[in-house]
Amino acid sequence: MSRHAAAESTRPAVTATAVRKQYGDTVAVRDVSLDVRKGEVFGLIGPNGAGKSTLIGLLTGTRVPTEGSVRVFGESPTAVDRSRMSVLPQEFSPHRRLTGRELVSYYAGLYPDPRPVDEVLDRVGLDAGDAATAYTDLSGGQQRRVCVGAALVNDPELLFLDEPTTGIDPAGRRDVWDLVDSLADGGTAVVLTTHYMAEAEHLADRVGLLTDGELVRVGPPRDLVERFGGETRLAVRTERPRALDLDATPLDGRRYGDYEYRFFDAGPDDLTAMLDHLDAADIAYEEVSLVRPTLEDVYLNLASERGHGCIASAGPAGLAGNAEVTR
Ligand SMILES: Nc1ncnc2c1ncn2[C@@H]1O[C@H](COP(=O)(O)OP(=O)(O)OP(=O)(O)O)[C@@H](O)[C@H]1O
């Protein structure tokens, strides 16, 4: 059975029903309902201040909902056996003079039947040297790996990771992805927050987009991209500034900066037509590519709809895409 099928066939590890959290006049989470099943990775994404950490707090029992209810394995989150659940908070600052190994051992000592410390260190990619180094002398990425290790040591059935890969280099991030994948394959339910859309797209079986405390989109990343990502675009980067006359191109488009142009709702025929046009007009280009929408487009479209202008105006993503032609 696939991981997704397994996730669908079991009862939820965590359920939120119409949960609301208010701090004074600020509504941080409004009427959120969701469930996450065994073996499922649920990715929470949204702008800063959208309410992701507050929602994690509500799901784990460190915050009390103003309205609504949360159940973890059918119980109140505070009543659940702590061996079954683990949380890596966004701000987690363990004792800085202890080594990675000592810290993971310390957390192992809190549980009756922890994972072997060496196995945990190995799984988070800390070698013997790193494990013997004081936490304060590790790099930010290595520190985060120690923290992920501490969160895994009780072999939880339900794992919350609040921005697990922030500060980790791209190779280290891949290691954490592999780890999360293997945990979910083994049946762990994982809820994670991230600002990396590629991370959500890679890891999550379902993604929830939170904005202004509201869960406005939920679904498998591919479905969300198909429904809300917009059209495939043709992207052109010219060698010289403002080299394209948009009135003369075979498609309607826009210029971004001096070198980049985007043409919307484009297909392979348009790519050919554009290449012909560039050659006929003798316009030198660095790149012409068809760019399929990604989860980032879903996010940016939503942010722009909701008036989070600073995010939406971050400009076009890079030209990397499919059907790329470079010269
Ligand atoms: N303890 C608190 N008291 C008052 N307001 C709070 C408290 N915690 C969070 N808030 C407010 O609730 C809203 C949601 O904050 P939250 O930290 O949950 O967002 P987030 O999506 O996790 O943000 P980020 O991506 O920046 O971590 C924000 O407006 C924040 O200022």
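Scoring rules and cut-offs
- Residues numbered from 1 in each chain as written.
- Predicted model: local features only at pLDDT ≥ 70, side-chain atom pairs only at ≥ 80, totals over all residues.
- Heavy atoms only, no water.
- pLDDT = per-residue confidence, 0-100.
- Contact = heavy atoms within 4.5 Å.
- Pairing = 2+ DSSP bridges.
- Helix = DSSP H or I, 4+ residues; strand = E, 2+ residues; numbered from the N terminus.
- Axes fitted to C-alpha atoms, helices over the stretch in contact; angles between N-to-C directions.
- UniProt positions renumbered as here; feature names shortened; annotations may be inferred.
- Buried < 20%, exposed > 50% of the residue type's maximum accessible area, 1.4 Å probe, protein only.

(A) Representation of the confidence of the model for the protein chain. With 91% of its residues at a pLDDT of 70 or more, the protein chain has an overall mean of 88. Between residues 309–327, whose pLDDT stays under 50, and residues either more than four places distant or in other chains, the model counts 47 contacts.

(B) A look at the sheet that holds strand 2 (residues 26–37). Taking strand neighbours across the sheet as the criterion, the 3 strands line up as 2-1-4 in an open arrangement whose pairing is antiparallel. Two strands close off the open sheet at either side, each with one partner strand: strand 2 and strand 4 (67–72). Looking at each pair of strands side by side, their axes are set apart by 15 degrees on average, direction ignored. Where strand 1 (residues 12–23) and strand 4 come together, 5 bridges link them in antiparallel fashion. If you follow Thr17 over to strand 4, its bridge partner there is Ser69.

(C) Summary view of the UniProt feature "domain: ABC transporter" (unreviewed entry) in the protein chain. Per the UniProt record, "domain: ABC transporter" (unreviewed entry) is found at residues 14–237. The span residues 14–237 is 33% helix and 29% strand, and its two end C-alpha atoms sit 47 Å from each other.

(D) Local environment of the pairing of strand 10 (residues 233–238). Among the 6 residues in strand 10, 5 count as buried, and that is most of the element. Pairing geometry for strand 10 and strand 12 (residues 260–263), over 4 bridges, is antiparallel. Pairing of Ala235 across the sheet is with Arg262, part of strand 12.

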